[in-house]
Structures are given as structure tokens and as C-alpha cells.
Amino acid sequence: MKLVIASDHSGVELKSALVNALANIAEVEDLGPFDKTSCDYSDYAVKVAMDVSSGVADFGILICRSGIGMSMCANRFQNVRAALCSTVEASVVTRQHNGANVLCLGARVIGTFLAYDLVDAFLGAEY
């Protein structure tokens, strides 16, 4: 399974934690950014959405302050079904019933341990 992940400047720390945690279970490509310098979330949403849309990656994870902007931007791409989740139940259901292939997270809305659980539930559920 190939997974691409990106964030904006407010999601860099959470993204790094997830990249490290996922390294043992998937091929993970971190598409940036790599520091907290202010950046446009949409630049990174486009990178992930293009890789998922084209089939370069099976799944994507996007992280911004709230997760809302990333999900709105990513859903503009054909074959991308991005879902903003903040509960384990939502992460499972959006995969099982909606076929979501991009998980969006709000770095200022959830903590690191909940993020681990959300990603685990999302990747473990089947459409």
C-alpha cells in the first residue's frame, strides 16, 4: 500500500509523527512541508489529490489547522473522496460506506494519539 501525506505549516508536527508511525506498515511519501514556515494549504492538498487521483498512491492523508480547507480542496479532483474525520467511527464508516481514499485531519482539533487511532481505523476498514 502506498500512502502520501502532506500538511500546511500548522500540521507539520502531527504529520511528522504520523510518518514515523506509518513507516512500518506502508510505503509512505511525505510531500511536505518540512518546517513551520507559513504556506498555503492548497498547494499541498493538490499534491496529495493528484497522486491519489492518478493512482500513484492508494491513499492520502492531509492535515491543516482544522482539516476543512484540505478536504474542500482535495475533493475537487476526480477519483478523490476526501473525508474530514475526528472520531474513529467516522474514519471507519467513511471508508466502508463512502469509499474515502483521503483522510483529512485538523491538527488543532485532535491530539496525536487520536490521530494514530483515526489513521489506523481508516486504513484498516474496507470499502
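For the structure itself, look to the data block above.
Residues numbered from 1 in each chain as written. Predicted model: local features only at pLDDT ≥ 70, side-chain atom pairs only at ≥ 80, totals over all residues. Heavy atoms only, no water.

Asks: I'd like a description of the nonpolar core, backed by residues and values.
Replies: In this structure, Leu-18, Ile-61, Ile-63, Leu-105 and Val-119 are the most contacted members of the largest nonpolar core, which totals 21 residues. In terms of residue count, helix H5 (residues 112–124) provides more of this core than any other element does, five residues in total. Discounting residues that sit within four places of it in the chain, Ile-61 has contacts with Leu-3, Val-4, Ile-5, Ala-6, Leu-18, Leu-22, Val-48, Leu-103, Leu-105 and Val-119. The next biggest cluster of nonpolar side chains, apart from the first, holds 19 residues, and it includes Val-4, Ala-45, Leu-62 and Ala-82. (Core = buried A, V, L, I, M, F, W, Y, C linked by side-chain atoms within 4.5 Å. Buried < 20%, exposed > 50% of the residue type's maximum accessible area, 1.4 Å probe, protein only. Helix = DSSP H or I, 4+ residues; strand = E, 2+ residues; numbered from the N terminus. Contact = heavy atoms within 4.5 Å.)

Asks: Before we move on, could you go through the packing of helix H4 (residues 88–96) against H5 and cite the residues and values that matter?
Replies: Where H4 contacts H5, the axes come no closer than 8 Å and their chain directions differ by 25°. Accordingly, the angle class assigned to the pair H4 and H5 is roughly parallel. Crossing angle aside, the handedness with which H4 passes H5 is right-handed. Listed contacts from H5 to Val-88, Ser-91, Val-92, Thr-94 and Arg-95 of H4 are Asp-117, Leu-118, Ala-121 and Phe-122. Of the residues contributing to the contact of H4 with H5, the split by class is five nonpolar, two polar and two charged. (Axes fitted to C-alpha atoms, helices over the stretch in contact; angles between N-to-C directions. Parallel < 35°, antiparallel > 145°, perpendicular 65-115°, else oblique. Left-handed = near helix turned anticlockwise from the far one by under 90°. Nonpolar A, V, L, I, M, F, W, Y, C, P; charged D, E, K, R; others polar.)

Asks: Give a description of the sheet that holds strand E2 (residues 27–30) that names residues and reports values.
Replies: In space, the five strands of this open sheet follow the order E2-E1-E3-E5-E4, with parallel pairing throughout. Each edge of the open sheet carries a strand with a single partner, namely E2 and strand E4 (82–84). When the angles between neighbouring strand axes are averaged without regard to direction, this sheet yields 20°. Pairing of strand E1 (residues 2–7) with E2, which is carried by four bridges, proceeds in the parallel orientation. The residue of E2 that forms the bridge with Leu-3 is Val-28. Its contacts with the sheet put helix H1 (residues 12–22) on E1, E2, strand E3 (59–64) and strand E5 (102–106), and the angle it makes with E1 is roughly 165°. (Pairing = 2+ DSSP bridges.)

Asks: Give me the lowdown on unusual backbone geometry, citing residues and values where you can.
Replies: Of note, the bond from Gly-32 into Pro-33 is cis; its omega dihedral lies within 30 degrees of zero at -10°. Position of Pro-33 relative to the elements: it lies in the loop between E2 and helix H2 (41–54). In this structure, Asn-79 is a non-glycine residue whose phi angle is positive, near 70°. Of note, Asn-79 is situated in the loop between helix H3 (68–74) and E4.

Asks: Tell me about the packing of aromatic side chains, and please be specific about residues and values.
Replies: All told, the structure shown has two aromatic pairs when counted by the stated rule. Here the basic side chain of Arg-95 rests over the ring of Phe-122, its NZ or CZ set 5.8 Å away from the ring centre. (Phe/Tyr/Trp six-rings, centres within 6.5 Å; stacked < 30°, edge-to-face > 60°. Lys NZ or Arg CZ within 6 Å of the ring centre and 35° of its normal.)

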